[in-house]
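Residue-level structure breakdown
Here is how the chains run, residue by residue.
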Amino acid sequence: MRMDPHRGRAAGGRGRGLGGGFRILVVLAFLAYGGCYYLSNRTQDPYTGETVLIDSSIGPEQERALGLQAYEQILEQEPPLPRSDPAAQQVERIAARLIDKVDEVTAEIAAAHGMEAPTHWKQFEWEVNVIPSDQANAFCLPGGKMAVYTGLFPVAQSEDAMAVVMGHEIAHALLRHGAQRMSQQKLAQIGQMAGAAGGLDPQQQQMVMAAMGYGYLLPYARTHETQADEVGLMLAAAACYDPNAAIGLWERMSASGGDAPPEFASTHPNPGTRIQTLQSLMPRAMEYREKYCRQ
Ligand SMILES: [Zn+2]
């Protein structure tokens, strides 16, 4: 006896013709595929020592090509300032100093986790542009293509704070967060297929995806933010910038951002938590500054 209250509304649903046993087999096959996908694409991240999911078919060249394609589209829609503009020159100078320290900082962080330094970033083709916009934002795409929006200048207020933001963005690219997100989405899709094979209707599937977003993908996104904060701070400190600028920066960021959404629904960590974490990282950042800053 089935007690499914939606049975009458199934309106000749796809799964109806399938025997229950067959349907379970299909679901199990998808789940097994998902499990295999996860197990065969796990890798240890040299920046954090943690096990992460990166699809082994996403190589550095593919990442770089995807990043470049996105970058060209963005610059076409939002033309950047000319290179001769003082803002563009300042940002280029900061980027050059940060990039110069990637090798040493990467090696030191990897060694702290007992791992060999990653080399994928050596294929990056670094470039930075300043885009006129009210947004207080910046990004670094996989492959090293960066942009800073002019709206960030009044919030950053200093080169040190600007270096903290740019270090954070560079860290996202170094940590291959883009490739990790693509791999997680693929895993979520496999889960969705299993749900569809199991006879969930589109609305139920959507609810499962939303739950997965909250329970799985969003916490990942927040972890990525915290990791980028940490690696970016070390990079800025090693490049002779004052890492303490990060505190005031995130205070101003949260003030300019209006009402911050509750942490569980946000890809960004709660500003208070973020500042606390940054403060706890400051002694280590100062060590990086002493060790690598040679002016
Ligand atoms: Zn970020």
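Being a predicted model, the structure only gives us computed values, none of them experimental.

1. Details of the side chain of His 172
Along the chain, the position of His 172 falls in helix H6 (residues 159-174). Taking relative accessible area as the criterion, His 172 reaches 14% and is therefore assigned buried. Within polar-contact distance, the side chain of His 172 engages the side chain of Glu 225 at 3.1 Å. Aside from chain neighbours lying at most four places away, what touches His 172 is His 177, His 224, Glu 225 and Ala 228.

2. What about the coordination of the zinc ion?
Around the zinc ion, the protein supplies His 168 (NE2), His 172 (NE2), Glu 225 (OE) and Glu 225 (OE) as donor atoms, at distances of 2.1 to 2.5 Å. Considering all four donor atoms around the zinc ion, angles at the metal cover 54 to 133 degrees and the coordination shape is irregular. The sequence pattern formed by the donor residues of the zinc ion is H-x3-H-x52-E. Highlighted residues: His 168 in helix H6 and Glu 225 in helix H8 (residues 202-238), separated in sequence by 57 residues.

3. A few points about a nonpolar patch on the surface
Judged by side-chain polarity, Phe 22, Ile 24, Leu 25, Leu 28 and Leu 31 come together as a nonpolar surface patch covering roughly 530 Å² of accessible area. Within the secondary structure layout, Leu 25 lies in helix H1 (residues 20-40).

4. Concerning unusual backbone geometry
In this structure, Gln 157 takes a positive phi of about 65 degrees despite not being glycine. Note on placement: Gln 157 falls in the loop between helix H5 (153-156) and H6. Residue classification places Gln 157 among the exposed residues on the basis of a relative accessible area of 56%. Of note in this structure, Arg 176 is not a glycine but carries a positive phi near 55 degrees. You can see Arg 176 is positioned in the loop between H6 and helix H7 (177-197).

5. Here we look at the packing of aromatic side chains
The full count for this structure, using the stated rule, is four aromatic pairs. Considering the side-chain rings of Phe 139 and Tyr 149, the 6.3 Å spacing of their centres and the 55 degrees angle between planes classify their relative orientation as tilted. In this pair, Phe 139 sits in strand S4 (residues 138-140) while Tyr 149 sits in strand S5 (residues 145-149), placing the two residues 10 residues apart along the sequence. There is no split in this pair, since Phe 139 and Tyr 149 are both buried. Judged by centre distance (5.8 Å) and plane angle (45 degrees), the ring pair of Tyr 288 and Tyr 292 falls under tilted. On the criterion of helical spacing, the pair formed by Tyr 288 and Tyr 292 is a turn pair, its members being four residues apart in helix H10 (residues 271-292). A relative accessible area of 6% means that Tyr 288 is categorised as buried. By way of ring pairs, the aromatic residues Tyr 71, Phe 139 and Tyr 149 are connected into one cluster. A cation over an aromatic ring shows up here: Arg 97 above the ring of Tyr 241, its NZ or CZ 3.9 Å from the ring centre. Looking at Arg 274, its charged tip hangs above the ring of Trp 250, at a distance of 3.7 Å from the centre.

The rules we used
- Residues numbered from 1 in each chain as written.
- Predicted model: local features only at pLDDT ≥ 70, side-chain atom pairs only at ≥ 80, totals over all residues.
- Heavy atoms only, no water.
- Helix = DSSP H or I, 4+ residues; strand = E, 2+ residues; numbered from the N terminus.
- Buried < 20%, exposed > 50% of the residue type's maximum accessible area, 1.4 Å probe, protein only.
- Polar contact = N/O pair within 3.5 Å; in protein donor to acceptor, adjacent residues only side chain to side chain.
- Contact = heavy atoms within 4.5 Å.
- Donors = N, O, S within 2.8 Å, 3.2 Å for Na, K, Ca; no water.
- Tetrahedral: all angles 85-135°; square planar, octahedral: opposite > 155°, others 65-115°.
- Patch = residues over 30% accessible without salt bridge, like charges linked within 9 Å, V, L, I, M, F, W, Y side chains within 5 Å.
- Areas by Shrake-Rupley, 256 points an atom, 1.4 Å probe, with all protein chains shown as cover.
- Salt bridge = Lys/Arg side-chain N within 4 Å of Asp/Glu carboxyl O.
- Phe/Tyr/Trp six-rings, centres within 6.5 Å; stacked < 30°, edge-to-face > 60°.
- Lys NZ or Arg CZ within 6 Å of the ring centre and 35° of its normal.

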